[in-house]
Amino acid sequence: MLRYLIAFLFLVQAGTAQAVTQAEVMAGSAKLYRGQIDELRKGRLDDDERFGARVAALARPLIEQAKREFPESAAWDWELHTTTDGDANAFAMAGGKLLVSRAYVDELALSDAELAMLLAHEIMHAVLRHNLKEFEEALRLEPGRATQPFAEFEHDIDNDNALMRKLAGFNQQQELEADREGLLFAARAGWPPQALAAYFRKLAKHSHSANFARFDHPSPASRWHAARELAAQMEASR
Ligand SMILES: [Zn+2]
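Description of the structure in this document. (Residues numbered from 1 in each chain as written. Predicted model: local features only at pLDDT ≥ 70, side-chain atom pairs only at ≥ 80, totals over all residues. Heavy atoms only, no water.)

What to know about helix α6 (residues 130-141)
Moving on, step 1. Taking 1.5 Å of rise per residue, the 12 residues of α6 would be expected to cover 16 Å, and the 16 Å separating its terminal C-alpha atoms lies within 8% of that figure.
Moving on, step 2. Every buried residue of α6 is accounted for by His130, Leu132, Glu134, Phe135, Glu137, Ala138 and Leu139. (Helix = DSSP H or I, 4+ residues; strand = E, 2+ residues; numbered from the N terminus. Expected span 1.5 Å × (residues − 1). Buried < 20%, exposed > 50% of the residue type's maximum accessible area, 1.4 Å probe, protein only.)

Quick look at the sheet that holds strand β2 (residues 90-93)
Moving on, step 1. What the 3 strands build is an open sheet, ordered β1-β3-β2; its pairing is mixed. Single-partner strands in this sheet number two, and they are β1 (79-83) and β2. Within the sheet, the average angular offset between the axes of one strand and its neighbour, ignoring direction, is 10 degrees.
Moving on, step 2. Examined bridge by bridge, β1 and strand β3 (residues 97-101) share 5 bridges and lie parallel to one another. What sits directly across from threonine 82, in β3, is valine 100.
Moving on, step 3. Sheet strands in contact with helix α5 (residues 112-127) are β2 and β3, and its direction is about 25 degrees off that of β2. (Pairing = 2+ DSSP bridges. Axes fitted to C-alpha atoms, helices over the stretch in contact; angles between N-to-C directions. Contact = heavy atoms within 4.5 Å.)

Observations regarding the packing of helix α3 (residues 49-69) against helix α8 (residues 161-188)
Moving on, step 1. α8 packs onto α3 with a crossing angle of 105 degrees between their chain directions and a minimal axis gap of 10 Å. Judged by the angle between their axes, α3 and α8 are roughly perpendicular. Together, Leu62, Gln65, Ala66 and Glu69 of α3 and Phe185, Ala186 and Arg188 of α8 make up the contact between the two elements.
Moving on, step 2. Looking at the contact of α3 with α8, its residues break down into 4 nonpolar, 1 polar and 2 charged. (Parallel < 35°, antiparallel > 145°, perpendicular 65-115°, else oblique. Nonpolar A, V, L, I, M, F, W, Y, C, P; charged D, E, K, R; others polar.)

What to know about the coordination of the zinc ion
Under perfect tetrahedral coordination by four donors, a metal shows angles of 109.5 degrees; under perfect octahedral coordination by six donors, it shows angles of 90 or 180 degrees.
Moving on, step 1. With distances of 2.1 Å, the protein atoms coordinating the zinc ion are His121 (NE2), His125 (NE2) and Glu175 (OE).
Moving on, step 2. Binding-site remark: the zinc ion is held by donors from one chain whose sequence spacing is H-x3-H-x49-E. With histidine 121 and histidine 125 both in helix α5 and 4 residues apart, this pair spans about one turn of that helix. For the pair formed by histidine 121 and histidine 125, the shared burial category is buried. (Donors = N, O, S within 2.8 Å, 3.2 Å for Na, K, Ca; no water.)

A word on the side chain of arginine 145
Moving on, step 1. Structurally, arginine 145 is set in the loop between α6 and α7 (150-159).
Moving on, step 2. With a relative accessible area of 10%, arginine 145 lands in the buried category.
Moving on, step 3. Beyond its immediate sequence surroundings of up to four residues, arginine 145 is in contact with Leu139, Phe153, Asp156, Asp160 and Leu163.

Section: the side chain of threonine 84
Moving on, step 1. Among the structural elements, threonine 84 can be located in the loop between β1 and β2.
Moving on, step 2. Its relative accessible area of 18% is what places threonine 84 among the buried residues.
Moving on, step 3. At 2.4 Å, the side chain of threonine 84 forms a polar contact with the side chain of aspartate 47.
Moving on, step 4. The contacts of threonine 84, once residues within four sequence positions are left out, are Arg44, Asp47, Asp48, Arg102 and Ala103. (Polar contact = N/O pair within 3.5 Å; in protein donor to acceptor, adjacent residues only side chain to side chain.)

Here's the deal with the pairing of β3
Moving on, step 1. Burial within β3 is extensive, with 5 of its 5 residues counted as buried.
Moving on, step 2. Of the two faces of β3, both are covered, the one formed by Lys97, Leu99 and Ser101 as well as the one formed by Leu98 and Val100.
Moving on, step 3. In terms of strand pairing, β2 meets β3 through 4 bridges, oriented antiparallel. Pairing of alanine 92 across the sheet is with leucine 98, part of β3.
Moving on, step 4. Where β2 hands over to β3, the hairpin turn is made up of 3 residues, of which glycine 95 adopts a positive phi near 85 degrees.

Side note on α5
Moving on, step 1. The first and last C-alpha atoms of α5 sit 22 Å apart over 16 residues, in line with the 22 Å expected at 1.5 Å per residue.
Moving on, step 2. With respect to burial, α5 is a largely interior element, 15 of its 16 residues being buried.
Moving on, step 3. Just downstream of α5, arginine 129 is the residue with a positive phi angle, here 55 degrees.

Observations regarding the packing of helix α9 (residues 193-206) against helix α10 (residues 220-236)
Relative placement of two packed helices is described by the angle separating their axes and the distance separating the axes.
Moving on, step 1. Packing of α9 against α10 brings their axes to within 8 Å, and their N-to-C directions diverge by 170 degrees. With respect to their mutual orientation, α9 and α10 come out roughly antiparallel. As α9 packs across α10, the resulting crossing turns out to be left-handed. Taking contact as the criterion, the partners of Pro193, Gln194, Ala197, Phe200, Arg201, Leu203 and Ala204 in α9 are, on α10, Pro220, Ala221, Arg223, Trp224, Ala227, Arg228, Ala231, Ala232, Met234 and Glu235.
Moving on, step 2. Split into classes, the residues belonging to the contact of α9 with α10 amount to 12 nonpolar, 1 polar and 4 charged. (Left-handed = near helix turned anticlockwise from the far one by under 90°.)

Purely geometric stuff here, so don't read any function into it on its own.
Okay, structure coming up:
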């Protein structure tokens, strides 16, 4: 009897651990994205036409490729915006919601290949469902959150220091995955691997503490090292 009870509890546990769904995460991301876009709309949204056109020209073929390679994403309502707001840099949310800041691209003086690498990295976060996986990892670490309202859970994942600290290692792995898969993905789009990897050289050069991992990002130096190695392997096997 006890054995059945334990098995039953495991099933309940497994059931609650899947309490967060991709649809829920995408709806949450869409709302957060809308909030940020509406804020920027007061004057800083898509406010540099030339920059917007440059980003769109680079992003469009990558998004089309993502739709082919990750069929789930073909049904998404992809959105791409730019801003000159210096507080934003670049991000992708669940469901293909992208924002790229000109201030960030200017600061690093990114070439087209390097900007494609940045976009590919962000697109990988979306298509690899990194937001959803982060929620699932948080539920694994703190199963009690299964009963928390989703909006609160979503807030905590980006603001609760104790939870964020627990997730830091997991987030670093996701960054490395987005780097690696993004480089492979952009290379399939035709960009030379070494030119893509150069993005990480600039990131490391412009970082104030290139050898130190930030809260949830691996150190820029280690990302540059990994990208350089991968690009060299890819060029050697051509
Ligand atoms: Zn990232």
